[in-house]
Amino acid sequence: MKKKTIDKLVIERIILLVPLLLYGIYKNGFLLYKSGIINMVNVFKPLYLTILGVIIKVIVDLIFDKVNKEKFKIKIDENLLYVILVSLIMPYNINYLIYILSLIIILPVLKYLNKYIKFNKVCFISLIIILINGLINNFSFLNTLELTKNYEYTLIDYLFGRNIGGISSTSIILSLISYILLSYNFYYKKEIPFYINISYIICAFIYFLIFKDSDFLINSELIFGSIFISSLNEFSPVEEKYQRIYAISIGVFSFLLSIILSSIVSIYIITFLVSCLFYIDFNKLKNNKKANKDK
(Lines give C-alpha, C1' and ligand atoms only; values in the text may rest on other atoms or scores of the structure.)
Protein backbone atom coordinates (compact mmCIF):
# COMPACT_ATOMS: atom_id res chain seq x y z
CA MET A 1 0.00 0.00 0.00
CA LYS A 2 1.33 3.46 -0.92
CA LYS A 3 2.27 5.91 1.82
CA LYS A 4 -0.33 8.46 0.64
CA THR A 5 -3.05 5.82 0.90
CA ILE A 6 -1.91 4.80 4.39
CA ASP A 7 -1.77 8.44 5.51
CA LYS A 8 -5.27 9.08 4.16
CA LEU A 9 -6.70 6.10 6.05
CA VAL A 10 -4.87 7.19 9.22
CA ILE A 11 -6.29 10.72 8.96
CA GLU A 12 -9.81 9.36 8.38
CA ARG A 13 -9.58 7.19 11.49
CA ILE A 14 -8.19 10.01 13.63
CA ILE A 15 -11.03 12.33 12.53
CA LEU A 16 -13.60 9.67 13.39
CA LEU A 17 -12.04 9.22 16.82
CA VAL A 18 -12.65 12.89 17.71
CA PRO A 19 -16.40 12.44 18.53
CA LEU A 20 -15.52 9.45 20.71
CA LEU A 21 -12.92 11.54 22.53
CA LEU A 22 -15.47 14.32 23.04
CA TYR A 23 -17.98 11.83 24.40
CA GLY A 24 -15.29 10.53 26.76
CA ILE A 25 -14.84 14.08 28.07
CA TYR A 26 -18.60 14.32 28.58
CA LYS A 27 -19.05 10.91 30.28
CA ASN A 28 -15.82 10.79 32.29
CA GLY A 29 -15.39 14.51 32.80
CA PHE A 30 -18.42 16.77 32.62
CA LEU A 31 -20.84 14.36 34.35
CA LEU A 32 -18.39 13.91 37.22
CA TYR A 33 -17.85 17.67 37.45
CA LYS A 34 -21.61 18.22 37.45
CA SER A 35 -21.90 15.79 40.38
CA GLY A 36 -19.23 17.71 42.30
CA ILE A 37 -16.76 14.81 42.27
CA ILE A 38 -13.94 16.45 40.28
CA ASN A 39 -12.85 20.01 39.49
CA MET A 40 -12.89 21.65 36.07
CA VAL A 41 -9.23 20.84 35.36
CA ASN A 42 -9.88 17.08 35.62
CA VAL A 43 -12.84 17.25 33.22
CA PHE A 44 -10.41 16.99 30.31
CA LYS A 45 -8.49 13.90 31.46
CA PRO A 46 -9.35 11.95 28.24
CA LEU A 47 -7.92 14.82 26.19
CA TYR A 48 -4.80 15.07 28.37
CA LEU A 49 -4.07 11.38 27.78
CA THR A 50 -4.31 11.85 24.02
CA ILE A 51 -2.12 14.96 24.01
CA LEU A 52 0.49 13.29 26.24
CA GLY A 53 0.58 10.24 23.96
CA VAL A 54 1.12 12.41 20.86
CA ILE A 55 3.85 14.49 22.57
CA ILE A 56 5.76 11.37 23.70
CA LYS A 57 5.44 9.86 20.23
CA VAL A 58 6.89 13.03 18.66
CA ILE A 59 9.81 13.09 21.14
CA VAL A 60 10.58 9.40 20.48
CA ASP A 61 10.56 10.09 16.72
CA LEU A 62 12.97 13.00 17.20
CA ILE A 63 15.40 10.93 19.24
CA PHE A 64 15.32 7.58 17.46
CA ASP A 65 14.56 8.40 13.82
CA LYS A 66 17.56 10.73 13.45
CA VAL A 67 15.59 13.44 11.68
CA ASN A 68 16.66 17.01 11.05
CA LYS A 69 15.24 18.84 14.07
CA GLU A 70 15.02 22.15 12.21
CA LYS A 71 12.87 20.67 9.44
CA PHE A 72 10.99 18.30 11.73
CA LYS A 73 7.21 18.03 11.41
CA ILE A 74 4.78 15.81 13.28
CA LYS A 75 4.48 12.65 11.21
CA ILE A 76 0.91 11.76 10.35
CA ASP A 77 1.67 8.07 10.34
CA GLU A 78 0.29 4.83 11.72
CA ASN A 79 2.19 5.23 15.00
CA LEU A 80 0.39 8.53 15.62
CA LEU A 81 -2.93 6.71 15.24
CA TYR A 82 -1.75 3.96 17.57
CA VAL A 83 -0.91 6.27 20.50
CA ILE A 84 -4.26 8.04 20.08
CA LEU A 85 -6.09 4.70 20.16
CA VAL A 86 -4.16 3.68 23.27
CA SER A 87 -5.23 6.89 25.03
CA LEU A 88 -8.90 6.19 24.27
CA ILE A 89 -9.01 2.71 25.79
CA MET A 90 -7.24 3.51 29.05
CA PRO A 91 -9.20 2.98 32.31
CA TYR A 92 -10.44 6.13 34.03
CA ASN A 93 -8.18 5.53 37.04
CA ILE A 94 -5.01 5.49 34.92
CA ASN A 95 -2.12 7.14 36.74
CA TYR A 96 -0.50 9.88 34.63
CA LEU A 97 3.03 8.96 35.72
CA ILE A 98 2.53 5.28 34.89
CA TYR A 99 1.06 6.24 31.53
CA ILE A 100 3.91 8.63 30.63
CA LEU A 101 6.78 6.38 31.79
CA SER A 102 5.25 3.32 30.10
CA LEU A 103 5.01 5.09 26.74
CA ILE A 104 8.55 6.50 27.08
CA ILE A 105 9.88 2.96 27.56
CA ILE A 106 7.57 0.97 25.27
CA LEU A 107 7.63 3.14 22.12
CA PRO A 108 11.44 2.91 21.60
CA VAL A 109 11.36 -0.84 22.38
CA LEU A 110 8.70 -1.32 19.69
CA LYS A 111 10.91 0.44 17.13
CA TYR A 112 13.49 -2.27 17.78
CA LEU A 113 11.07 -5.23 17.97
CA ASN A 114 9.34 -4.21 14.74
CA LYS A 115 12.40 -5.43 12.81
CA TYR A 116 11.89 -8.99 14.02
CA ILE A 117 8.20 -9.61 14.68
CA LYS A 118 4.86 -7.94 14.06
CA PHE A 119 2.00 -7.91 16.51
CA ASN A 120 -0.80 -5.49 17.26
CA LYS A 121 1.06 -2.57 18.85
CA VAL A 122 -2.07 -0.88 20.22
CA CYS A 123 -3.06 -4.00 22.15
CA PHE A 124 0.51 -4.61 23.33
CA ILE A 125 0.99 -1.06 24.66
CA SER A 126 -2.48 -0.87 26.20
CA LEU A 127 -2.27 -4.21 27.98
CA ILE A 128 1.13 -3.45 29.51
CA ILE A 129 -0.06 -0.05 30.80
CA ILE A 130 -3.35 -1.49 32.10
CA LEU A 131 -1.45 -4.32 33.84
CA ILE A 132 1.05 -1.98 35.53
CA ASN A 133 -1.70 0.46 36.52
CA GLY A 134 -3.83 -2.42 37.83
CA LEU A 135 -1.04 -3.80 39.98
CA ILE A 136 -0.36 -0.37 41.51
CA ASN A 137 -3.93 0.99 41.65
CA ASN A 138 -6.55 -1.61 40.68
CA PHE A 139 -7.95 -3.24 37.57
CA SER A 140 -11.28 -1.41 37.67
CA PHE A 141 -12.56 0.52 34.63
CA LEU A 142 -15.17 2.33 36.75
CA ASN A 143 -14.97 6.11 36.94
CA THR A 144 -15.38 7.92 40.28
CA LEU A 145 -19.15 8.37 39.83
CA GLU A 146 -19.70 4.72 38.88
CA LEU A 147 -17.80 3.67 42.01
CA THR A 148 -20.20 5.60 44.25
CA LYS A 149 -23.48 4.51 42.65
CA ASN A 150 -24.92 1.24 41.37
CA TYR A 151 -26.36 1.71 37.88
CA GLU A 152 -28.72 -0.52 35.97
CA TYR A 153 -27.86 0.24 32.37
CA THR A 154 -30.61 0.27 29.77
CA LEU A 155 -30.19 -0.51 26.08
CA ILE A 156 -30.13 3.25 25.37
CA ASP A 157 -27.36 3.69 27.94
CA TYR A 158 -25.28 1.02 26.22
CA LEU A 159 -25.88 2.46 22.76
CA PHE A 160 -24.88 5.99 23.71
CA GLY A 161 -21.98 4.91 25.92
CA ARG A 162 -23.21 5.31 29.51
CA ASN A 163 -21.58 2.03 30.47
CA ILE A 164 -18.26 0.75 31.80
CA GLY A 165 -15.24 0.62 29.51
CA GLY A 166 -12.27 2.58 28.23
CA ILE A 167 -12.17 6.29 29.00
CA SER A 168 -13.31 7.25 25.46
CA SER A 169 -14.36 3.98 23.82
CA THR A 170 -17.83 3.14 25.15
CA SER A 171 -20.21 4.72 22.62
CA ILE A 172 -21.64 1.99 20.39
CA ILE A 173 -23.51 4.48 18.19
CA LEU A 174 -20.39 6.54 17.46
CA SER A 175 -18.38 3.37 16.80
CA LEU A 176 -20.99 2.05 14.37
CA ILE A 177 -21.23 5.38 12.54
CA SER A 178 -17.43 5.27 12.19
CA TYR A 179 -17.65 1.73 10.82
CA ILE A 180 -20.18 2.76 8.17
CA LEU A 181 -18.04 5.71 7.07
CA LEU A 182 -14.79 3.70 7.08
CA SER A 183 -16.45 0.98 5.00
CA TYR A 184 -16.51 3.34 2.01
CA ASN A 185 -12.71 3.27 1.98
CA PHE A 186 -11.49 0.44 -0.25
CA TYR A 187 -8.46 -0.22 1.97
CA TYR A 188 -10.41 -0.53 5.22
CA LYS A 189 -10.82 -4.21 6.14
CA LYS A 190 -14.53 -4.02 6.88
CA GLU A 191 -15.01 -7.79 6.96
CA ILE A 192 -12.90 -8.12 10.10
CA PRO A 193 -15.19 -6.12 12.47
CA PHE A 194 -18.24 -7.75 10.87
CA TYR A 195 -17.08 -11.33 11.48
CA ILE A 196 -15.70 -10.54 14.94
CA ASN A 197 -19.03 -9.18 16.10
CA ILE A 198 -21.16 -11.83 14.39
CA SER A 199 -19.14 -14.70 15.86
CA TYR A 200 -19.13 -13.05 19.30
CA ILE A 201 -22.90 -12.41 19.23
CA ILE A 202 -23.63 -16.01 18.18
CA CYS A 203 -21.55 -17.30 21.11
CA ALA A 204 -23.16 -14.82 23.52
CA PHE A 205 -26.67 -15.76 22.34
CA ILE A 206 -26.01 -19.50 22.76
CA TYR A 207 -24.67 -18.76 26.25
CA PHE A 208 -27.81 -16.73 27.00
CA LEU A 209 -30.10 -19.59 25.86
CA ILE A 210 -28.27 -22.08 28.07
CA PHE A 211 -27.56 -20.02 31.20
CA LYS A 212 -30.16 -17.21 30.89
CA ASP A 213 -27.34 -14.68 31.36
CA SER A 214 -27.61 -11.62 29.11
CA ASP A 215 -24.55 -9.78 30.49
CA PHE A 216 -22.41 -10.65 27.47
CA LEU A 217 -24.90 -9.87 24.70
CA ILE A 218 -23.79 -6.24 24.37
CA ASN A 219 -20.08 -5.47 24.48
CA SER A 220 -19.24 -1.87 23.55
CA GLU A 221 -15.50 -2.41 23.98
CA LEU A 222 -15.55 -5.32 21.54
CA ILE A 223 -17.39 -3.18 18.99
CA PHE A 224 -14.90 -0.31 19.34
CA GLY A 225 -11.89 -2.61 19.39
CA SER A 226 -12.99 -4.61 16.36
CA ILE A 227 -13.69 -1.48 14.28
CA PHE A 228 -10.59 0.54 15.13
CA ILE A 229 -7.94 -1.87 16.44
CA SER A 230 -8.39 -5.48 15.29
CA SER A 231 -8.82 -4.24 11.71
CA LEU A 232 -5.58 -2.24 11.59
CA ASN A 233 -3.96 -2.94 8.23
CA GLU A 234 -0.43 -3.47 9.52
CA PHE A 235 -1.35 -6.32 11.87
CA SER A 236 -4.18 -8.17 10.11
CA PRO A 237 -4.25 -10.52 7.08
CA VAL A 238 -4.58 -9.17 3.54
CA GLU A 239 -6.49 -12.03 1.89
CA GLU A 240 -10.21 -12.16 2.64
CA LYS A 241 -10.29 -15.87 3.54
CA TYR A 242 -7.58 -15.30 6.15
CA GLN A 243 -9.37 -12.18 7.37
CA ARG A 244 -12.41 -14.32 8.14
CA ILE A 245 -10.38 -16.91 10.04
CA TYR A 246 -8.58 -14.14 11.91
CA ALA A 247 -11.84 -12.34 12.76
CA ILE A 248 -13.85 -15.41 13.78
CA SER A 249 -10.96 -16.54 16.00
CA ILE A 250 -10.96 -13.15 17.73
CA GLY A 251 -14.75 -13.12 18.13
CA VAL A 252 -15.05 -16.62 19.58
CA PHE A 253 -12.05 -16.45 21.91
CA SER A 254 -12.91 -12.92 23.04
CA PHE A 255 -16.27 -14.24 24.18
CA LEU A 256 -14.71 -17.17 26.04
CA LEU A 257 -12.20 -14.87 27.73
CA SER A 258 -15.00 -12.44 28.63
CA ILE A 259 -16.62 -15.16 30.74
CA ILE A 260 -13.36 -16.07 32.48
CA LEU A 261 -11.62 -12.72 32.84
CA SER A 262 -13.16 -9.45 31.60
CA SER A 263 -15.45 -8.37 28.79
CA ILE A 264 -13.50 -5.09 28.52
CA VAL A 265 -9.92 -6.27 27.91
CA SER A 266 -10.73 -9.63 26.25
CA ILE A 267 -10.82 -8.15 22.73
CA TYR A 268 -7.36 -6.63 23.21
CA ILE A 269 -5.75 -9.74 24.71
CA ILE A 270 -7.12 -12.01 21.99
CA THR A 271 -6.35 -9.57 19.15
CA PHE A 272 -2.75 -9.36 20.37
CA LEU A 273 -2.37 -13.15 20.58
CA VAL A 274 -4.04 -13.85 17.24
CA SER A 275 -1.98 -11.15 15.48
CA CYS A 276 1.19 -12.86 16.80
CA LEU A 277 0.04 -16.29 15.62
CA PHE A 278 -0.91 -15.04 12.15
CA TYR A 279 2.42 -13.29 11.72
CA ILE A 280 4.35 -16.45 12.69
CA ASP A 281 2.19 -18.69 10.48
CA PHE A 282 2.50 -16.42 7.45
CA ASN A 283 6.26 -16.25 7.91
CA LYS A 284 6.43 -20.04 7.98
CA LEU A 285 4.34 -20.26 4.81
CA LYS A 286 6.56 -17.74 3.03
CA ASN A 287 9.73 -19.55 4.10
CA ASN A 288 8.33 -22.91 2.99
CA LYS A 289 7.36 -21.51 -0.41
CA LYS A 290 10.80 -19.95 -0.80
CA ALA A 291 12.48 -23.23 0.13
CA ASN A 292 10.36 -25.14 -2.38
CA LYS A 293 11.25 -22.68 -5.13
CA ASP A 294 14.95 -23.02 -4.36
CA LYS A 295 14.67 -26.79 -4.75
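Since this is a predicted model, take the numbers as computed values, not measurements.

### Looking at the packing of helix H9 (residues 191-211) against helix H10 (residues 220-228)
Running from amino to carboxyl end, H9 crosses H10 at an angle of 155°, the nearest separation of the two axes being 8 Å. In terms of orientation, H9 lies roughly antiparallel with respect to H10. H10 is crossed by H9, and the crossing has right-handed handedness. Touching Pro193, Ile196, Asn197 and Tyr200 of H9 are Leu222, Ile223, Ser226 and Ile227, all from H10. Residues belonging to the contact of H9 with H10 are distributed by class as follows: six nonpolar, two polar and no charged.

### A few points about the pattern of salt bridges
Side-chain pairs of opposite charge can arise whenever the charged atoms involved come near each other. According to the stated counting rule, one finds seven salt bridges in the structure shown. Where aspartate 61 meets lysine 111, a salt bridge forms, and the shortest distance between an N and an O atom there is 3.3 Å. Taken together, the positions of aspartate 61 in helix H2 (residues 45-64) and lysine 111 in helix H4 (residues 96-113) put the pair 50 residues apart, joining distant regions of the chain. Owing to a relative accessible area of 3%, aspartate 61 belongs among the buried residues under this scheme. With a relative accessible area of 26%, lysine 111 lands in the partly exposed category. Through salt bridges that share partners, Lys57, Asp61, Asp77 and Lys111 make up one connected network.

### Some points on the side chain of asparagine 28
Residue placement: asparagine 28 occurs in helix H1 (residues 3-34). By relative accessible area, asparagine 28 is classed as buried at 2%. In terms of polar contacts, asparagine 28 uses its side chain to reach the side chain of asparagine 143, at 2.9 Å.

### Brief notes about the packing of H2 against helix H3 (residues 78-88)
As a packed pair, H2 and H3 sit with axes 8 Å apart at the nearest point and diverge in direction by 150°. The angle between the axes of H2 and H3 places the two elements in the roughly antiparallel class. Here H2 runs over H3; the crossing is right-handed. Each of Leu49, Thr50, Gly53, Val54 and Lys57 in H2 lies in contact with H3, whose residues at this interface are Asn79, Leu80, Val83, Ile84, Ser87 and Leu88. In the contact of H2 with H3, the residues fall into six nonpolar, four polar and one charged.

### Here we look at the nonpolar core
Grouped together as the largest cluster of nonpolar side chains are 77 residues, with contacts concentrated most on Leu17, Leu85, Ile129, Phe224, Phe228 and Ile229. Top element by residues in this core is H1. It accounts for nine residues. For isoleucine 129, the residues in contact, after removing those within four places along its chain, are Val86, Met90, Ile94, Ile98, Tyr99, Ser102, Leu103 and Ile106.

### Here we look at a nonpolar patch on the surface
Together, Phe194, Ile198, Ile202, Phe205, Ile206, Leu209, Ile210 and Phe211 line one region of the surface with nonpolar side chains, adding up to about 790 Å² of accessible area. Inspection of the secondary structure puts leucine 209 in helix H9. Judged by relative accessible area, leucine 209 falls into the partly exposed class, the value being 46%.

### Notes on H2
Between its first and last C-alpha, H2 extends 28 Å over 20 residues, near the 28 Å set by a 1.5 Å rise per residue. Within H2, burial applies to Lys45, Pro46, Leu49, Thr50, Gly53, Val54, Ile56, Lys57, Val58, Val60 and Asp61.

### Comments concerning unusual backbone geometry
At lysine 212, a residue that is not glycine, the phi angle is positive and equals roughly 55°. Tracing the backbone shows lysine 212 in the loop between H9 and H10.

### So, H3
With nine of 11 residues buried, H3 is to be regarded as a mostly interior element. Every buried residue of H3 is accounted for by Leu80, Leu81, Tyr82, Val83, Ile84, Leu85, Val86, Ser87 and Leu88.

### Remarks on the packing of aromatic side chains
Taken as a whole and judged by the stated rule, the model has 17 aromatic pairs. Seen in terms of ring centroids, tyrosine 23 and tyrosine 26 are 5.8 Å apart; in terms of plane orientation they differ by 45°. Their pairing is tilted. Note that tyrosine 23 and tyrosine 26 are positioned in helix H1 at a spacing of three residues, about one turn of the helix. Overall, tyrosine 23 belongs to the buried group, its relative accessible area being 15%. With a centroid separation of 5.1 Å and 35° between ring planes, the pair formed by phenylalanine 224 and phenylalanine 228 is classed as tilted. Of this pair, phenylalanine 224 and phenylalanine 228 are both found in helix H10, four residues apart, which corresponds to roughly one turn of the helix.

### So, the environment of valine 265
Take valine 265: it is sitting in the loop between helix H11 (240-260) and helix H12 (266-294). Under the relative-accessibility criterion, valine 265 is labelled buried at 10%. Excluding its chain neighbours within four sequence positions, the residues that come into contact with valine 265 are Ile130 and Phe141.

### So, the environment of asparagine 95
Checked against the element boundaries, asparagine 95 lands in the loop between H3 and H4. A sequence separation of 46 residues divides asparagine 95 from phenylalanine 141, and the C-alpha atoms of the two residues are 13 Å apart. When sequence neighbours within four positions are dropped, the list of residues in contact with asparagine 95 reads Asn133 and Asn137.

How each quantity is defined
- Residues numbered from 1 in each chain as written.
- Predicted model: local features only at pLDDT ≥ 70, side-chain atom pairs only at ≥ 80, totals over all residues.
- Heavy atoms only, no water.
- Axes fitted to C-alpha atoms, helices over the stretch in contact; angles between N-to-C directions.
- Helix = DSSP H or I, 4+ residues; strand = E, 2+ residues; numbered from the N terminus.
- Parallel < 35°, antiparallel > 145°, perpendicular 65-115°, else oblique.
- Left-handed = near helix turned anticlockwise from the far one by under 90°.
- Contact = heavy atoms within 4.5 Å.
- Nonpolar A, V, L, I, M, F, W, Y, C, P; charged D, E, K, R; others polar.
- Salt bridge = Lys/Arg side-chain N within 4 Å of Asp/Glu carboxyl O.
- Buried < 20%, exposed > 50% of the residue type's maximum accessible area, 1.4 Å probe, protein only.
- Polar contact = N/O pair within 3.5 Å; in protein donor to acceptor, adjacent residues only side chain to side chain.
- Core = buried A, V, L, I, M, F, W, Y, C linked by side-chain atoms within 4.5 Å.
- Patch = residues over 30% accessible without salt bridge, like charges linked within 9 Å, V, L, I, M, F, W, Y side chains within 5 Å.
- Areas by Shrake-Rupley, 256 points an atom, 1.4 Å probe, with all protein chains shown as cover.
- Expected span 1.5 Å × (residues − 1).
- Phe/Tyr/Trp six-rings, centres within 6.5 Å; stacked < 30°, edge-to-face > 60°.

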